[in-house]
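The lines below spell out each chain.
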2 protein chains.
Amino acid sequence: MSDTDDPQPGLSRRGLLGFLGAGAVGVGAVAAGAAATTTRSPSFAAPAGQSTSAAQSGAAAIYPFHGEHQSGIVTPAQDRLHFAAFDVSDVTRAELQELLQDWSYAASRMMAGLSAGDLGAVGGAYDAPPDDTGEALDLPPAGLTITFGFGPSLFDERFGLASRRPAALVDLPHFPGDALVENLTGGDLCIQACSDDPQVAVHAIRNLSRIAFGRASLRWSQLGFGRTSSTTRAQVTPRNLFGFKDGTANLRAEDTALVDTHVWADGDDWMTGGSYLVARKIRMTIETWDRTSLREQETVVGRTKGDGAPLSGGGEFTEPDFSATGRDDAPLIAETSHVRLAHPSMNNGATLLRRGYNFVDGNDELGRLNAGLFFICFQADPRTQFVPVQLSLARHDAMNEYLRHVGSGIFAVPPGATQDSYVGAGLFA
Amino acid sequence: MSDTDDPQPGLSRRGLLGFLGAGAVGVGAVAAGAAATTTRSPSFAAPAGQSTSAAQSGAAAIYPFHGEHQSGIVTPAQDRLHFAAFDVSDVTRAELQELLQDWSYAASRMMAGLSAGDLGAVGGAYDAPPDDTGEALDLPPAGLTITFGFGPSLFDERFGLASRRPAALVDLPHFPGDALVENLTGGDLCIQACSDDPQVAVHAIRNLSRIAFGRASLRWSQLGFGRTSSTTRAQVTPRNLFGFKDGTANLRAEDTALVDTHVWADGDDWMTGGSYLVARKIRMTIETWDRTSLREQETVVGRTKGDGAPLSGGGEFTEPDFSATGRDDAPLIAETSHVRLAHPSMNNGATLLRRGYNFVDGNDELGRLNAGLFFICFQADPRTQFVPVQLSLARHDAMNEYLRHVGSGIFAVPPGATQDSYVGAGLFA
């Protein structure tokens with residue numbers, strides 16, 4: 001690696017040059033908002049017409065890379081996802097830091113609509129590989145966010161990080177019914193790339209993988225084609241592959257007090273302002289589901305299929321009444337329904353910020369679509385949020401008959417980086 | 001199957017009722033064009049505000065199911081793809097016909113923005129499985145096209161179709177370098193679903209698979225996240241995962257004389273007005289490509305990476321000058337470049353209508369993205385078009401170092417259906 005011959009305690013040479021460069025362009029280049037559509041022009045000019053106004057939706061949306069929190073958590077959920085987990089190779093602690101610096105630099109550029117590296121896809125030496133793979137040339141970032149996380153396995157003796165492992169970064173327990181596949185599980189590092197344009201999300205993961213060459217390699221990865229969560233009130237509730245509205249009761253970015261309590265990690269260590277990400281690849285046996293009655297489907301979910309209203313009555317956003325009963329005094333919302341078991345009132349108030357995506361990965365040898373939900377959630381502490389909720393669901397949820405958890409990961413998502421630093425710098429301080 | 005107790009020589013009962021229903025709604029319901037965004041409302045009303053004006057682009061676009069040709073061939077290439085190949089089960093010829101009728105009926109509904117079946121996702125009996133899986137409720141069709149094809153293996157003694165096999169529906173030869181995987185190859189039937197919304201394309205394939213239950217099963221399938229071809233002049237040339245503009249020299253719908261000659265099958269048999277589809281799943285070794293110089297990349301392609309101009313000079317749409325030479329009288333466009341070998345002038349004038357998509361299917365065990373190009377082309381006769389062009393490319397193309405053909409299929413795509421019939425009816429006449 002050409003940048004490792006002059007190690008720095010803080011930024012690598014590439015990183016240092018890069019951040020200075022970004023500073024010269026001005027804060028606007030990586031701040032929220034763009035007044036005009038931004039393209040990666042072959043001449044690599046800074047995005048034109050940028051302002052610091054609130055980010056627009058659609059192709060022109062640009063979110064800030066730097067800040068108190070990483071983007072991609074409470075950011076309005078984009079339509080498409082490329083998620084990747086990495087194993088760190090046999091490198092030194094300093095080389096791991098440099099990788100994170102290089103990733104931060106490239107991510108800050110790509111989120112701003114620039115190429116992954118200073119020289120871009122066609123601006124470098126003719127006899128050298130380009131600095132960017134090029135498939136996002138001409139494309140605006142379409143709200144691209146790139147969010148980095150650290151898995152439990154990073155905190156071992158390889159990098160002298162064992163003592164820095166947060167208590168909340170637990171190893172997930174085995175949940176009843178888990179059918180985890182080794183090569184869809186775990187990882188030292190993760191990157192969540194979300195954009196309204198899948199080509200932009202793929203371009204981000206591909207270029208970050210390329211930058212990691214020799215330092216970290218892809219362990220597993222997942223494309224999601226359609227979001228199943230709304231993270232702001234302005235977004236319409238989308239549907240999962242069971243055909244039901246999903247995420248009606250999700251935390252929303254506007255609920256700032258709830259977000260402060262349930263999403264952002266507290267304490268005064270390097271994770272302050274960070275969050276914990278749990279990812280689960282959940283295969284749905286949709287062919288079986290499709291042959292069940294509408295009654296069975298609604299009973300399992302606890303909501304109507306059309307409007308997404310709780311079976312206790314009202315509209316989509318009416319609070320479920322779990323005490324309401326019907327014929328023979330049976331509860332209108334079944335004891336084993338998903339909506340009941342997942343509800344905060346049944347989980348000591350525990351709630352999660354979900355950011356899920358539908359996936360289809362071809363089909364299996366029996367002609368069944370390999371389809372389901374790539375579940376992502378963010379939280380302040382998995383020990384009191386994802387783990388107990390999922391234990392309850394895994395034990396009792398009637399939906400389990402139609403689900404199989406095949407992939408899993410938990411990651412500490414550090415706070416956002418300041419302009420002169422990189423994501424995760426606090427871990428090495 | 002509840003609809004097979006009253007077999008009809010023409011339409012099944014479901015099909016007959018369905019087509020009458022569609023007729024009663026009016027031609028506009030399945031004709032090109034919608035003046036307003038169309039949604040699958042739970043009440044299954046006919047799309048409101050439709051007219052017979054030209055189809056709009058974007059979410060509101062609706063293309064006709066019925067007509068001289070099937071939609072999805074010269075239709076402006078939509079952004080997303082779900083392609084599926086099926087094996088027909090042990091059914092009778094009459095049951096195969098009924099499957100095609102049921103598919104045509106459901107496809108005509110979904111392309112018009114309606115649910116897959118009359119009763120929809122929530123309008124049927126509470127104790128029966130819904131008529132539609134529901135994940136596209138609330139979504140406009142976003143230009144959905146559903147295109148059906150018949151593979152060579154359909155034309156055997158099972159269905160008495162051996163004598164109806166078109167001469168142009170050849171078995172593809174083994175091309176040098178082919179690394180085909182059995183379960184990504186072949187199929188009795190295929191369905192190409194394209195839409196600007198991937199959830200709508202997935203919904204179409206999923207519901208058509210569901211309707212086929214017991215009669216045909218998925219053999220292989222592929223999602224494409226980004227188009228790599230323009231089929232009309234109004235579309236910007238997109239980029240493939242090599243980072244180059246792809247399809248600059250593609251046939252366009254506006255070139256009606258060329259399309260008549262090179263896309264639509266001729267003769268006076270049941271394929272008149274049809275076309276032949278060849279699909280190739282081409283894995284790109286992008287990690288190797290990303291480490292080659294810009295010079296090597298442009299030499300292999302024969303065009304510049306930034307603008308897509310031929311290396312003989314000019315702009316993207318300048319005709320390549322294969323006789324132009326530079327230093328040492330070497331050709332500016334290399335003898336083994338992709339653009340030269342694929343050019344009609346090097347292939348007895350053979351040209352193809354391409355409709356390709358980028359794909360990423362996770363990664364392999366070595367951490368390489370399983371990514372590439374899902375190549376689809378349409379043509380009047382593969383014997384004089386795809387086969388000789390691909391033979392030349394497979395033998396000489398410098399790009400082969402970075403490609404591996406892993407999946408393959410060839411399908412006869414029958415003409416469009418009339419309002420009172422179904423796709424493929426001519427095959428059984």
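A quick note: this is a predicted structure, and the numbers were derived from the prediction, not measured.

Visitor: Tell me about the overall build of chain A, and name the residues and values.
Guide: Tallying secondary structure elements over chain A gives eight helices and 10 strands in all. Here chain A holds 429 residues, and 57% of them are scored as buried. The contacts in chain A between residues at least 6 apart in sequence include a share of 71% that link residues at least 24 apart.

Visitor: Run through the interface of chain B and chain A, naming residues and quoting values.
Guide: Each partner contributes residues to the interface: chain B has 49 residues there, and chain A has 49 residues. Of the residues in the side of chain B that touches chain A, the class split is 19 nonpolar, 19 polar and 11 charged.

Visitor: Please provide a residue-by-residue account of the relation of the copies chain B and chain A, values included.
Guide: Between the two copies, chain B and chain A, the superposition gives an RMSD of 0.0 Å; the rotation angle is 180 degrees and the shift along the axis is 0.0 Å. These values place the two chain copies in the arrangement generated by a two-fold rotation axis. Taking C-alpha positions as reference, the residue of chain B nearest the rotation axis is D361(B), located at 3.3 Å. Most of the interface of chain B is mirrored in chain A, where 100% of its interface residues again form contacts.

Visitor: Hey, could you go over helix α2 (residues 93-111) of chain B for me, with residue numbers and the actual values?
Guide: Residues and elements named next belong to chain B. The end-to-end C-alpha distance of α2 is 27 Å, a good match for the 27 Å that 19 residues give at a rise of 1.5 Å each. Extensive coverage of α2 is indicated by the burial of 17 of its 19 residues. G113 lies just past α2 and shows a positive phi near 90 degrees.

Visitor: Explain the nonpolar core residue by residue, including any values.
Guide: The biggest cluster of nonpolar side chains holds 226 residues, and the ones touching the most others in it are Y276(A) and Y276(B). Among all residues touching Y276(A), those that are not within four sequence positions of it are A168(A), L169(A), A265(A), F378(A), Q379(A), D381(A), P382(A), I410(A), A412(A) and V413(A).

Visitor: Could you give me a rundown of the packing of helix α2 (residues 93-111) of chain A against helix α3 (residues 198-211) of chain A, with the residues and numbers involved?
Guide: Pairs of packed helices are described in terms of their axes, by the angle between the two and the distance that separates them. Residues and elements named next belong to chain A. The N-to-C vectors of α2 and α3 enclose an angle of 155 degrees; their axes lie 10 Å apart at closest approach. Between α2 and α3, the angle is such that the two are roughly antiparallel. The two elements α2 and α3 cross, and the hand of that crossing is right-handed. Two secondary-structure elements touch here, α2 through D102, W103, A106 and M110 and α3 through A204, N207, L208 and I211. For the contact of α2 with α3, the residue count by class is six nonpolar, one polar and one charged.

Visitor: Which residues make up the environment of R291(B), and what are the values?
Guide: You can see R291(B) is positioned in the loop between α5 (286-289) and α6 (294-301). The spatial distance from the C-alpha of R291(B) to the C-alpha of D156(B) is 48 Å, given a sequence separation of 135 residues.

Visitor: For unusual backbone geometry, give the residues involved together with the corresponding values.
Guide: Within the chain, D329(A) stands out as a residue other than glycine whose phi angle is a positive 60 degrees. Considering the arrangement of structural elements, one finds D329(A) in the loop between α6 (294-301) and α7 (338-342). The exposure class assigned to D329(A) is exposed, which follows from the 6 C-beta atoms found within 10 Å. With phi around 50 degrees, A142(B) is a residue other than glycine that occupies positive phi space. Structurally, the position occupied by A142(B) is in the loop between α2 and β2 (145-150).

Visitor: Can you explain the pairing of strand β8 (residues 357-363) of chain A? Please cite residues and give values.
Guide: Residues and elements named next belong to chain A. Within β8, five of the seven residues are buried, which leaves it mostly tucked inside the rest of the structure. Examined bridge by bridge, strand β5 (residues 226-227) and β8 share two bridges and lie antiparallel to one another. Bridging across to β8, R227 finds its partner in Y357. For β8 and strand β9 (residues 369-379), the ladder comprises five bridges, and the chain directions are antiparallel. The residue bridging F359 from the neighbouring strand is G372, located in β9. As consecutive antiparallel partners, β8 and β9 are separated by five residues, and within that stretch G367 has a phi angle of approximately 80 degrees, a positive value.

Visitor: Residues and numbers for the environment of P173(B), please.
Guide: Residues and elements named next belong to chain B. When you line up the elements, P173 lands in the loop between β2 and β3 (189-195). What makes P173 exposed here is the crowd of 11 C-beta atoms within 10 Å. Expressed as a C-alpha distance, the spacing of P173 and L391, which sit 218 residues apart in the sequence, is 8.9 Å.

Visitor: Tell me about the confidence of the model for chain A, and name the residues and values.
Guide: All names here are of chain A. Looking at chain A as a whole, the pLDDT averages 88, with 86% of positions reaching at least 70. This model gives residues 1-39 a pLDDT under 50, and the stretch forms 87 contacts once residues within four places in sequence are excluded. The complex prediction reports pTM at 0.90, with the ipTM value standing at 0.90.

Visitor: Before we move on, could you go through the pairing of β9(A) and cite the residues and values that matter?
Guide: Residue and element names in this part refer to chain A. When you tally the buried positions in β9, you get nine out of 11 residues, the bulk of the element. The pairing of strand β6 (residues 275-284) with β9 spans nine bridges and is antiparallel. Bridge pairing in β9 links K281 to F374. Examined bridge by bridge, strand β7 (residues 353-354) and β9 share two bridges and lie antiparallel to one another. Bridge pairing in β9 links L353 to F378.

Procedures and definitions
Residues numbered from 1 in each chain as written. Chains lettered and ligands numbered in written order. Predicted model: local features only at pLDDT ≥ 70, side-chain atom pairs only at ≥ 80, totals over all residues. Helix = DSSP H or I, 4+ residues; strand = E, 2+ residues; numbered from the N terminus. Buried ≥ 20, exposed ≤ 12 C-beta atoms within 10 Å, placed from the backbone. Contact = placed C-beta atoms within 7 Å. Nonpolar A, V, L, I, M, F, W, Y, C, P; charged D, E, K, R; others polar. Least-squares fit on C-alpha atoms with pLDDT ≥ 70 in both. Expected span 1.5 Å × (residues − 1). Core = buried A, V, L, I, M, F, W, Y, C linked by C-beta atoms within 7 Å. Axes fitted to C-alpha atoms, helices over the stretch in contact; angles between N-to-C directions. Parallel < 35°, antiparallel > 145°, perpendicular 65-115°, else oblique. Left-handed = near helix turned anticlockwise from the far one by under 90°. Pairing = 2+ DSSP bridges. pLDDT = per-residue confidence, 0-100.

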